[in-house]
Amino acid sequence: MIVYIDDLNMPKVDTYGTQQPIAMLKLFVERAGIYDRGKDLNWKNIKDCQFVGAMGRPGGARNPVDPRFISLFSVFEIQFPSNASLAHIYNSILEAHVKILSPEIQAYVLSITDITLALYGFIIEKLPPTPSRFHYIFNLRDLSRIYEGMMLSTPDKFKTVPQFVRLWRNESLRIFFDRLINDKDKEIVTTKLNEIVTEKLKEAPGAAEIVVKDPILFADYRNCLHPTVPRLYEDLDSFDFIKPHIENVLEDYNIVNKKMNLVMFEDALEHLTRIHRLMRLPQGNALLVGVGGSGKKSLSKLGAFASGCRVFEIVLTRGYNEEAFREDLKILYGILGVENKPVVFLFTDAHVVDEGFLELINNMLTSGMVPALFKEEEKDGMISQVRDAVVASGTVDTKENCWQYFINRCRSNLHITLAMSPVGDTLRTRCRNFPGMVNNCVIDWLTPWPEEALLSVATVFLAETDIPDDMRPLLLEHIVMVHQSVCTLSVDFVEQTRRTNYVTPKNFLDYIDSYRVSLTKRRSLNLQQCKRLDGGLSKIAQAKVEVAQMQVTLAEAKIVVDAKTNECNALLSVISKNTEVVVAKQNIAQEKQEALSRESEVISRQKGEAEVALADAIPALEAAAEALNSLKKEEITEIRSFAKPNIYVQKVCECVVILRGFKDVSWKGAKQMMADNRFLATLVEFEKDSITEKQMRALREYFRDPNMTLENLQTISTAGAGLLRWVIAMMNYYGIFRIVAPKRAAVATAEKNLKNAQKELDTIQKQVEDLSAQLGTLNQQFSVNTAEQQDLKSKADLMEKRLDAASRLISGLGSEHERWTKELEDLGVARIKLLGDCLVSSSFLSYCGAFTLDFRTNMIQKIWHADLVTKGVPVTNPYSLENFLTSEVEISKWNSEGLPSNELSIQNAILTTRASRFPLCIDPQLQAINWIKKKEGKQLEGRVRTFNDSDFLKQLELAIQYGFPFLFENVDEYIDPVIDPVLERTITTAAAGRKVVKLGDKDIEWVKSHSLSMSSYNFLQVAEDGAG
């Protein structure tokens, strides 16, 4: 067996100067055996093995190797091919391709190779690898990649030499230029490249200008949304030309995938074109290097969509390890080899839970397959599924051929995109340990967003925000200035404090979003306060009008009361006169009655004397008396009925509920009452005498409103009167004896006179009765008028009291009216100044967390606030951060909870409670932890964890679901990537409108009241896309 070992000097040198893999290989090669890894350490002899090793010269990521190990090999140095050899190799490749192109291009092939080698030699000399430029490693792979891109040229798109040379320039820039980390290095390359082009094309007027014109954008996505149209690699000329195409691609992407809200500024279009180019090349892999928020993932997903590739990502869960990663890779290779689908494997630095993952990635980059990924039975299953394709390709379907065909298909369909951050030494260490990340990837270094990109993003995200047109350009310029000033100050901050503050596009996006949200909320609050004050002033003005109306009404009421008083006095005079007449008539009747009584006594005496005389003279006295008086009384029972109101009571449903005695005095109760079909009838039959004093007190609260009128509901009843009938029967006595006739005649004459006198008495009594009835009517009318006069007088008195009270109230509110008017004017001014105030506060919340108090004061007062004043943007002057973002009451509460009262601590508390991102507190004195624990109280009990606790994920999950606070203590430079969706608030909307966040492999319902805090004892070089 021949064992080939590549990159022999890649193993890291440990503390003691040894390389453990080299030590094991030395034992293996020198002694032809190794020790068994079991407990007994049995020696195993291994025979018939030969070893072939390869390595580069020590330097950069390569280490010196133990000379005793090297002495076991026959060492051969392989020289880099000469320029002549390279020219022959690449000329042959290019000449074979350009046979389909124009003759003038065919004649220019040798010149293309010459300028390629010249540029390559210049870059090797001028840009050697250093610790900060560890990836400046250029070799023949890079030359081959340039020619691979040139092989994409077609006759209908490349017809002239300048067009073909421009293609060469694009491919050279993509390989050499895109990995450069600063403007100085880029200037070196572009200057040399333009110099070479100008020298080679000096005989063709205008050709050099065509070649070096920027931007240079080559891609085949013009027709990517039209599958039937051939996709040809071409020069897309300008950003204005490609932007509509990319926006259409983004629109289609958002239809079938989770929506991405991207702004296609020029820098983003350029990086997207670079990424798309790699995904369209066979085995095209990319290493995207940029800080968090620079768009690595978003552009990769959009580029994959435009390339027709699926995107494959691993999903981290608690306990995710290499075994789980291998299982995910099996799924990936099933898509690549069995389904034969092109896939972009997007792998970010957040996915590197274990550095061993990168070993597998390195194998995929270098060989296309992970060793020992599939078991034999799994390999047999894969082979059986590709066997037909192997036969169709004309290859003998042996097991080895089928497996190799499977690997080749996977490698052709696989595009690995590594999205890494340049922060710290992590990337440099990884590239040193896993050289495939540099050798087998085309590197695209995403530099900080230029001013044009910042301005474009701010313009788009603030497009729908209500900002005056004359202020909008000034605000956008200020927003860009703030971000750039923080970048500049971060450099000074590192020099003075040796603390690194990473300013990323995420800060900028958070800044814009914070400003937009803050401006909207502050304007809404300002509008509410204005409405409240304006409502109070309106009520005062309305009260003044109503008082004036009451004064007029009171004057009119007094006139009516006076008239009614005069009417009562006149009626009283008439009653007095009639009373005198009635009394006189009654006296006359009384005297007549007494006279008749005396006459009746005389007649009775005379009649008695006649009866005595008749008793002696005549024995027979016929006396007959028949009483025919039948008296019957009919009683008519009084019928009680209830009055029906003539109008319905409007706007007083609650009053009706109170009168009827329901317990639920609310709108709900009123609706339930009105839902009754007999609602109107029950009001008509309402027993108004059942009203209680408690109900009357409740009603008086409603009738204090001057817009309400008091209506008296009277119950109307009809009473029947009884008819008395009575008949007087008189007894006629006829018995006149002849001997008593004179006496009877005298008695009859006396009785006749008595009867006439009685009739006269009846007439007088009748007159007295009529006069008494008239007098009663007058007395009744007098009583009614008197009652009405008293009622009017009481109402007038009540109105006068109310008028007096209202007048005193309005007089008392005079000072409040002035104060409220002044506050309303101040709120109007403050509303205008919210444009600048919210800018300063949002800048503070998004950028100032890592800085010391001196830097914060300098940024806020001397740079940001001063810039707003200079530009004429409305802003409070002097500006107080504490007054705008908090209040003295809240600060006092914080101090009572243990927060120090100094300005820095108060600002830190504002950042903790007001910032849109979760806080990471650098807390060597434990002030923040103690304050947070006291502030959250019992809700934080049992929810303080470290990343080393085995149950932290479960407790965090419960805290999110139930809206409780959660605190991570003792955070070091490693933050478990499983909580990245929580830190970034990657919240999606699930069924029934629920807000969920993905935590591991679970969708956890997000409760808005949840808060997360992290604390560390020391200042950390924390990942730039972590917490705020």
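Structure: above.
Residues numbered from 1 in each chain as written. Predicted model: local features only at pLDDT ≥ 70, side-chain atom pairs only at ≥ 80, totals over all residues. Heavy atoms only, no water.

Student: Can you walk me through a nonpolar patch on the surface in this structure?
Tutor: Residues Ile2, Tyr4 and Val52 make up a contiguous nonpolar surface patch of roughly 320 Å² in combined accessible area. Its location among the elements puts Ile2 in strand 1 (residues 2-5). (Patch = residues over 30% accessible without salt bridge, like charges linked within 9 Å, V, L, I, M, F, W, Y side chains within 5 Å. Areas by Shrake-Rupley, 256 points an atom, 1.4 Å probe, with all protein chains shown as cover. Salt bridge = Lys/Arg side-chain N within 4 Å of Asp/Glu carboxyl O. Helix = DSSP H or I, 4+ residues; strand = E, 2+ residues; numbered from the N terminus.)

Student: How should the packing of helix 6 (residues 140-150) against helix 7 (residues 161-177) be read in this particular structure?
Tutor: It is the contact of helix 6 with helix 7, at a shortest axis distance of 9 Å, that shows an interaxial angle of 140°. Taken together, the axes of helix 6 and helix 7 lie oblique to each other. For the pair helix 6 and helix 7, the crossing hand works out as right-handed. Counted together, Asp142, Leu143, Arg145, Ile146, Gly149 and Met150 of helix 6 and Phe164, Leu167, Trp168, Glu171, Ser172, Ile175 and Phe176 of helix 7 form the full contact between these two elements. (Axes fitted to C-alpha atoms, helices over the stretch in contact; angles between N-to-C directions. Parallel < 35°, antiparallel > 145°, perpendicular 65-115°, else oblique. Left-handed = near helix turned anticlockwise from the far one by under 90°. Contact = heavy atoms within 4.5 Å.)

Student: Whenever I open this one, the pairing of strand 11 (residues 442-445) confuses me. Can you help?
Tutor: Sheet faces and side chains relate simply in a regular strand, where the side chains alternate between the two faces. Side chains of strand 11 alternate between two faces, with Val442 and Asp444 and Ile443 and Trp445 buried alike. Two elements, strand 7 (residues 286-289) and strand 11, share 4 bridges in a ladder whose sense is parallel. The partner of Leu287 across the bridge, within strand 11, is Ile443. (Buried < 20%, exposed > 50% of the residue type's maximum accessible area, 1.4 Å probe, protein only. Pairing = 2+ DSSP bridges.)

Student: What is the right way to read the pattern of salt bridges from this model?
Tutor: In a structure, side chains of opposite charge can pair up when their charged atoms sit close to one another. Summed over all chains, the structure comprises 48 salt bridges. Note that Lys26 is salt-bridged to Glu30, the shortest N-O span being 3.0 Å. Pair noted here: Lys26 and Glu30 are both in helix 1 (residues 20-31), with a separation of 4 residues, about one helical turn. Residue class for Lys26 comes out buried when judged on its relative accessible area of 18%. When its relative accessible area of 42% is taken as the criterion, Glu30 is described as partly exposed. A salt bridge links Arg222 to Glu234; its shortest N-O distance comes to 2.9 Å. Residue Arg222 is located in the loop between strand 5 (218-219) and strand 6 (234-235), and its partner Glu234 is located in strand 6; the two are separated by 12 residues in the primary sequence.

Student: For this particular structure, what's the right way to read the nonpolar core?
Tutor: In globular proteins that are soluble, nonpolar side chains generally tend to be buried together. If you look at the biggest cluster of nonpolar residues, it comprises 136 residues, and the most contacted ones within it are Ile112, Trp168 and Phe508. Grouped together as the second largest cluster of nonpolar side chains are 48 residues, Val352, Phe357, Val370 and Val390 included. (Core = buried A, V, L, I, M, F, W, Y, C linked by side-chain atoms within 4.5 Å.)

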